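Close look at the chain arrangement
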Number of protein chains: 4
Amino acid sequence: MSQYSGSESSAIEERSGPKTERGRRTLRRLLDAAAEEFGARGYHETAISSITQRAGVGLGTFYVYFKSKEEVFRALVADMGARTRHALAESTREAPNRLEAERLGIQAYLDFVRSHKALYRVVMEAQFVAPEAYREYYRTFSAAYRQQLAQAASRGEISEGQDDEVRVWALMGASTFLGLRYGVWDDGADTASVAEAASDLMINGLAPRAKNGDAS
Amino acid sequence: MSQYSGSESSAIEERSGPKTERGRRTLRRLLDAAAEEFGARGYHETAISSITQRAGVGLGTFYVYFKSKEEVFRALVADMGARTRHALAESTREAPNRLEAERLGIQAYLDFVRSHKALYRVVMEAQFVAPEAYREYYRTFSAAYRQQLAQAASRGEISEGQDDEVRVWALMGASTFLGLRYGVWDDGADTASVAEAASDLMINGLAPRAKNGDAS
Amino acid sequence: MSQYSGSESSAIEERSGPKTERGRRTLRRLLDAAAEEFGARGYHETAISSITQRAGVGLGTFYVYFKSKEEVFRALVADMGARTRHALAESTREAPNRLEAERLGIQAYLDFVRSHKALYRVVMEAQFVAPEAYREYYRTFSAAYRQQLAQAASRGEISEGQDDEVRVWALMGASTFLGLRYGVWDDGADTASVAEAASDLMINGLAPRAKNGDAS
Amino acid sequence: MSQYSGSESSAIEERSGPKTERGRRTLRRLLDAAAEEFGARGYHETAISSITQRAGVGLGTFYVYFKSKEEVFRALVADMGARTRHALAESTREAPNRLEAERLGIQAYLDFVRSHKALYRVVMEAQFVAPEAYREYYRTFSAAYRQQLAQAASRGEISEGQDDEVRVWALMGASTFLGLRYGVWDDGADTASVAEAASDLMINGLAPRAKNGDAS
DNA sequence: AATGAATGAGCATTCATTCAT
DNA sequence: AATGAATGAATGCTCATTCAT
């Protein structure tokens, strides 16, 4: 996974946001509180009142900023998408080639997940709470990813492959699961080693390696 | 993904199941109805009454067979695990080697998901509804998968790899995402082609292929 | 409290009881189980199934012996009444006079309650579960008690009093509360001392005692 | 029974009660409705919806003021305790001595019960619904009562007695039963006569009275 | 902008009772 | 006589959302 694209700028303070400074701060507090609550307890176990309490505002205030419970959730998913893409773009900016970018991207992703567990969970749960937001998340992601692969292939950095959409989904799936396994569940593992082992698989595959004197 | 292991026999008629034939049928009806409802509407949107109605039994009957809503859900997840492992084991039984088994396994998985969308969704949602069941699902799966890889490596069919746990999770993630993308969302695609493209990536990786006259 | 009257013989195996020995044993088991469950958990917290389980019979069997949950309960209340009256009658049989009978009766009652906490609770709860049975319990009791007082008064053993119904209810209330306080709650206290102190009050009242040389 | 003590002020508007006047009124309505419903039908036969309907508020409103069905019940028991103690304190305020206070207290209690049948029932049922509240009710009551007796004894108004705890429980039991018999069941009787007869027993006991020329 | 009292639809769960075997 | 599967009425409680202030 790597390079981003798509809408940026936190994806949140869209539509005619709050006018006052106070309003902006309240919004941010609500968003942060929502991310923590949803991340910790999940969508259905989270009550709006727990969000407003954590944010330190009145219950009614929530509805000044969001139309519904689902809306904050969607905003969070979009935000997570933008942030993830941003983090990955940063991490691979200096990569000399795509293969190296893959390795860097995987590690960056693991680190990112590990430090944003709540958001990771929010995205995963979006599959059930806001399916459209979930699809949009991966649509944007895969589009950018495909572009990266296509360019790399044209530069000869990676093989042509039979179907980039398939490759992209396989790669996203691999990273996502590793994110769950090593970013969320087992956050003690060394992400560099994991990324190393994972990129080795993604780059070289399962097939037995040609030995040194193999290609005489 | 392939070969299974772990508890067998549908994982359901556990603890002192129904004694009578009638009881067994009622249980099966309830389980099937639950799978369909949970699969179609999701855990939280599904009411017990909708399950019993679909099953054609009284509301109270549900509680004769299950302690709670969560319990059926968990039973379903376990059932899904056993069934998936069984389907994969069957599909790869005849594979001449692991690389071929991977290709067969992927396709079988896609086909299985496509014909069991409801159960696929149940498993995914388990992450939020019954986290322990979800982890158990992958724990069992990955253990069997690791064993397959280890044996294949010892036979020289695949490379040794740096960390089988990492490889297994990357492979499970890839298949799972492809299952979502091509099994659930886009169920018109040709699974054989997808499996072909996917296994090509998993087997050979992204790295450029050595051309014939490449090694001068 | 003392001497009994009213229907005897356990009050239970009335109406055409079970014909077989097996049936009689099942009935007794159900009754005992019901007394223990109702006594321990209370009427509403007790499920018929818990009674049948404790009795070691099938759920349906309960309805072979009782028409409803309330019916066992009523049977138990009646049984308790008979037993209590019996115990008190026994305890006061040898009393030389009514004042002494009061003391003996109180102590016997405390001891009885202490060794039949479950039944004590059943009777108290009858006030809300089976009001008619509760009233009947005290109607029978007070009638016998009044008769005792009347006879004692005619013998000059106690004062005439203004209204025996009032005296009887006051005395029953006193004993009942002492039964709760010292029989159920504080079952470590010495019942003899309590009975001594209580009968002193009931016999001599609160008024200051005439000193020796008081009556010049 | 007489003189009170313990927490005062209706015991209800405790923990951060409603802020607005409207809120306070809603709370009071709910409390009154609950007392009537519980008193008329009993705890288990009373549905929250019947309380809110009687109070003229929405169902959910109940849970704005109370955490659970049991909580209102407990609040009612506490309230009843405070009110009863208040009524008795008032009635005996002018009593010239303890013996007279007893008589006044009994009558006041009977009158109070008669005009608060619902609350009387609530307290009695608390024994099974909220045992702790029930014990607390009598703990507070008996403590105050004991103090009254001790002071009276030191003033020579009543005998010393062997055990004031026993005396107090006997007296409370007597009054309580008379309250049931003449306050709840038979509300046509003349409470003054009953109180007179009862206090005669409590003050002078059952023992034969010394006649004038008795001590020849 | 902020608030919190009020609302009621919605749902999981319990359990006494029936009845076919 | 004994059983236990089946039933559905009944109800406590939650919580997103509204709206008057």
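Keep in mind the model is a prediction, meaning the values are calculated, not measured. Note that residues are indexed from 1 along each chain, following the sequence as it is written. Both sets of labels track the order of writing: A upward for chains, 1 upward for ligands. Side-chain atom pairs in this predicted model are given and counted only at pLDDT of 80 or more, local residue features only at pLDDT of at least 70, and totals for whole chains, interfaces and linings cover all residues. Working from all heavy atoms in the structure, the side-chain values ignore hydrogens and water.

1. So, the protein's contact with DNA strand F
- A cutoff of 4 Å decides nearness: a residue is near a molecule or strand if any of its heavy atoms lies inside that distance of it. Surveying the vicinity of DNA strand F reveals 32 residues, the closest of which are B:T61, B:Y65, C:G58, C:T61 and C:Y65.
- When atoms of DNA strand F within 4 Å of the protein are sorted by moiety, sugar and phosphate together comprise 65%.
- As used in this structure description, the phrase polar contact means that two N or O atoms lie within 3.5 Å; if the pair is within protein, one of them must be able to donate a hydrogen and the other to accept it, and residues adjacent in sequence are counted only when both atoms belong to side chains. Note that a phosphate oxygen of DNA strand F is positioned 2.8 Å from one of the side-chain N or O atoms of B:T26.
- Within the contact set of DNA strand F, a phosphate oxygen lies 3.2 Å away from a backbone nitrogen or oxygen of D:T46.
- Just so you know the grouping, Ala, Val, Leu, Ile, Met, Phe, Trp, Tyr, Cys and Pro go in nonpolar, Asp, Glu, Lys and Arg go in charged, and all remaining residues, Gly too, go in polar. Here the residues of the surface near DNA strand F sort into 16 nonpolar, 12 polar and 4 charged.

2. Re the interface of chain B and chain A
- What makes two residues a contact is simply this: any of their non-hydrogen atoms within 4.5 Å. Taken together, the contact pairs 48 residues of chain B with 48 residues of chain A.
- By convention, the term buried area covers the 1.4 Å-probe accessible surface removed from two parts as they join, with the contributions of both added. Summed over both sides, the interface between chain B and chain A buries roughly 4600 Å², with carbon and sulfur atoms accounting for 71% of that surface.
- It is B:F128, B:F177 and B:L206 in chain B that bury the most area against chain A; as a group they hold 19% of the surface buried on that side.
- Criterion for a salt bridge: a side-chain nitrogen of Lys or Arg within 4 Å of a carboxyl oxygen of Asp or Glu. If you look at where chain B meets chain A, you find 2 salt bridges.
- Applying the counting rule to chain B against chain A returns 12 residue pairs in polar contact (both at pLDDT 80 or more).

3. Some details on the relation of the copies chain B and chain A
- Least-squares superposition aligns the copies on the C-alpha atoms of those residues with pLDDT at or above 70 in both. Between chain B and chain A, which share one sequence, the superposing operator has a rotation angle of 180° and an axial displacement of 0.0 Å; the RMSD is 0.2 Å. When the rotation and shift are considered jointly, the pair of chain copies conforms to a two-fold rotation axis.
- Looking at the interface residues of chain B, 100% of them are also at the interface in chain A, so both copies use one shared face.

4. Regarding the protein's contact with DNA strand E
- The local shell around DNA strand E holds 32 residues, among which A:G58, A:T61, A:Y65, D:T61 and D:Y65 are the closest.
- Each atom of DNA strand E within 4 Å of the protein was assigned to sugar, phosphate or base; sugar and phosphate come to 65%.
- B:I48 has a polar backbone atom sitting 3.0 Å from a phosphate oxygen of DNA strand E.
- At 3.3 Å from a phosphate oxygen of DNA strand E is found a main-chain nitrogen or oxygen belonging to C:T46.
- Secondary structure elements are taken from DSSP: a helix is a run of H or I of four residues or more, a strand is a run of E of two residues or more, and numbering for both begins at the N terminus. When contributions to the surface near DNA strand E are tallied by element, the ones reaching two or more residues are helix 1 (21–41) and helix 3 (59–65) of chain A, helix 3 (59–65) of chain B together with helix 1 (21–41) and helix 3 (59–65) of chain D.

5. Section: the UniProt feature "DNA-binding region" (unreviewed entry) in chain A
- Here, UniProt's "DNA-binding region" (unreviewed entry) annotation points to residues 47–66 of chain A.
- When the span residues 47–66 of chain A is considered, its composition is 75% helix and 0% strand, and the gap between its end C-alpha atoms is 14 Å. UniProt positions are given in the numbering used here, feature names are shortened, and annotations may be inferred rather than shown by experiment.

6. Considering the relation of the copies chain D and chain C
- After a rotation of 180° and a shift along the axis of 0.0 Å, chain D superposes on chain C with an RMSD of 0.2 Å.
- The residues that chain D uses at the interface reappear at the interface of chain C in 100% of cases, marking a shared surface.

7. Comments concerning the interface of chain D and chain C
- At the interface, 47 residues of chain D touch 48 residues of chain C.
- Of the roughly 4500 Å² buried between chain D and chain C, counting both surfaces, carbon and sulfur atoms make up 71%.
- The interface formed by chain D and chain C contains 2 salt bridges.
- Between C:E165 and D:R181 there is a salt bridge whose closest N-O contact spans 2.9 Å.
- Counting across the interface, chain D meets chain C through 12 residue pairs in polar contact (both at pLDDT 80 or more).
- With 16 residues, the single largest contributor to the side of chain D that touches chain C is helix 8 (residues 164–185) of chain D.
- For the side of chain D that touches chain C, a count of residues per class yields 26 nonpolar, 9 polar and 12 charged.

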